[in-house]
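# Survey of secondary and tertiary structure
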Amino acid sequence: MDENISKLQELYSILSRWPLESITLQPNEEPIIYQENHLLISTQCYKMLVMQCYNLFYDNFSHEYNEIVWHVLPVLNPDDSQIWISLREQLKQSPTLFHDGIKIAILALKVKPKSSEPFHHLRYIFSNYKEFLNKADCKRVFEVCNETAERYPNNYFSWNFRLWLILNICNELELHTECGWSSTWIKQHIRDHSGMHYRFKLLCYIYTQSQSDGGHSSKIILSEIDFLSDLILFYQGGLSLWNYLRQLLNFCVKHN
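Described in the following lines is the structure provided in the data block. None of these values were measured; they are calculated from a predicted model. Every chain begins its residue count from 1, and numbering advances along the sequence as written. Local features in this predicted model are restricted to residues whose pLDDT is 70 or higher, and side-chain atom pairs enter the listing and the counts only when it is 80 or higher, whereas totals over whole chains, interfaces and linings include all residues. To obtain the side-chain values, all non-hydrogen atoms of the structure were included, while hydrogens and water were left out.

## Digging into the overall build of the chain
Which entries qualify depends on this criterion: Numbering of helices and strands starts at the N terminus; helices are DSSP runs of H or I of at least 4 residues and strands are runs of E of at least 2. Throughout this description, buried means an accessible area under 20% of the type-specific maximum (1.4 Å probe, protein chains only), exposed means over 50%, and partly exposed covers the range between. When checking whether two residues touch, look at their non-hydrogen atoms; a contact exists if any pair is within 4.5 Å. Surface accessibility in these figures is a Shrake-Rupley result with a 1.4 Å probe; residues are shielded only by whichever protein chains are displayed. Asp and Glu count as negative and Lys and Arg as positive, but His and the ends of the chain are not part of the count. Note on charges: their place is set at NZ of Lys, CZ of Arg, CG of Asp or CD of Glu.
Assigned secondary structure in the chain consists of twelve helices and three strands. Each principal axis of the C-alpha atoms in the chain carries an extent, and together these give about 70 × 40 × 30 Å. Across the 256 residues in the chain, those meeting the buried criterion constitute 46%. At a minimum sequence separation of 6, the contacts of the chain that also span at least 24 residues come to 59%. Here the chain has roughly 13,800 Å² of accessible surface; of this, 51% comes from carbon and sulfur atoms. Computed over 23 positive and 28 negative side-chain charges, the inter-centroid distance for the chain is 8 Å.

## Regarding unusual backbone geometry
With glycine set apart, most residues show a phi of negative sign, and most peptide bonds adopt trans. In this structure, Asn 37 takes a positive phi of about 65 degrees despite not being glycine. You can see Asn 37 is positioned in the loop between strand S2 (32-35) and strand S3 (38-42). Asn 37 sits in the partly exposed class, given a relative accessible area of 28%. The residue Asn 154 is not glycine, and still its phi comes out positive at about 55 degrees. Following the sequence through the fold, Asn 154 ends up in the loop between helix H7 (135-151) and helix H8 (156-168). Note on Asn 154: relative accessible area 30%, which makes it partly exposed.

What follows is the structure, given as structure tokens:
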């Protein structure tokens with residue numbers, strides 16, 4: 001028991017350092033290895049840490065370890081919604097801890113980049129604590145979206161959160177900057193259908209806004225069709241590109 005607590009405290013101390021470039025689980029001989037912002041946890045040690053965290057989490061007499069559990073368990077087991085709910089309850093009592101909440105979610109996504117719970121937690125924070133947010137927070141979560149989309153192609157949860165972030169938190173200038181970024185992404189990831197669907201949603205939003213403002217909304221979609229046609233000529237076997245083109249043409253039929 002004492003050894004397990006000691007390992008848990010060691011991991012908590014490492015996770016408190018910022019930033020961490022990666023967290024990897026693999027069959028090491030050493031339980032925990034931390035070197036140059038990279039963390040390796042042996043699979044055997046991982047199982048022991050998770051079990052110890054849950055023992056403490058459900059033990060009503062272990063309040064002295066609550067902070068450690070709330071910082072470590074979501075990272076080790078990102079899919080457990082109960083621990084995230086508990087973390088949000090803690091945030092309600094101490095709103096200034098929201099920066100910790102962002103950091104925990106980011107660390108959890110380094111372990112499991114396609115987990116929905118950390119993205120849901122980030123959305124909760126950005127919805128309820130806008131007054132505490134700054135540009136560095138926004139930049140950090142966009143970097144996480146980039147990383148998770150790179151590590152796990154067609155990462156629905158990553159792209160869905162990014163879209164929500166752009167449409168609900170960012171301003172119009174940032175929206176158009178994002179459109180430029182997404183065109184570069186598509187050129188570099190022609191098989192990533194989720195990335196193309198994301199760009200399609202952005203363009204649909206801009207199209208609707210342009211119509212409301214009396215602008216030349218049709219040019220937005222026609223320009224995208226030209227952009228996509230050029231890519232298809234260069235990558236003729238790109239199925240995702242063809243699917244995206246079909247999506248655009250269907251949109252044109254419905255709105256013209």
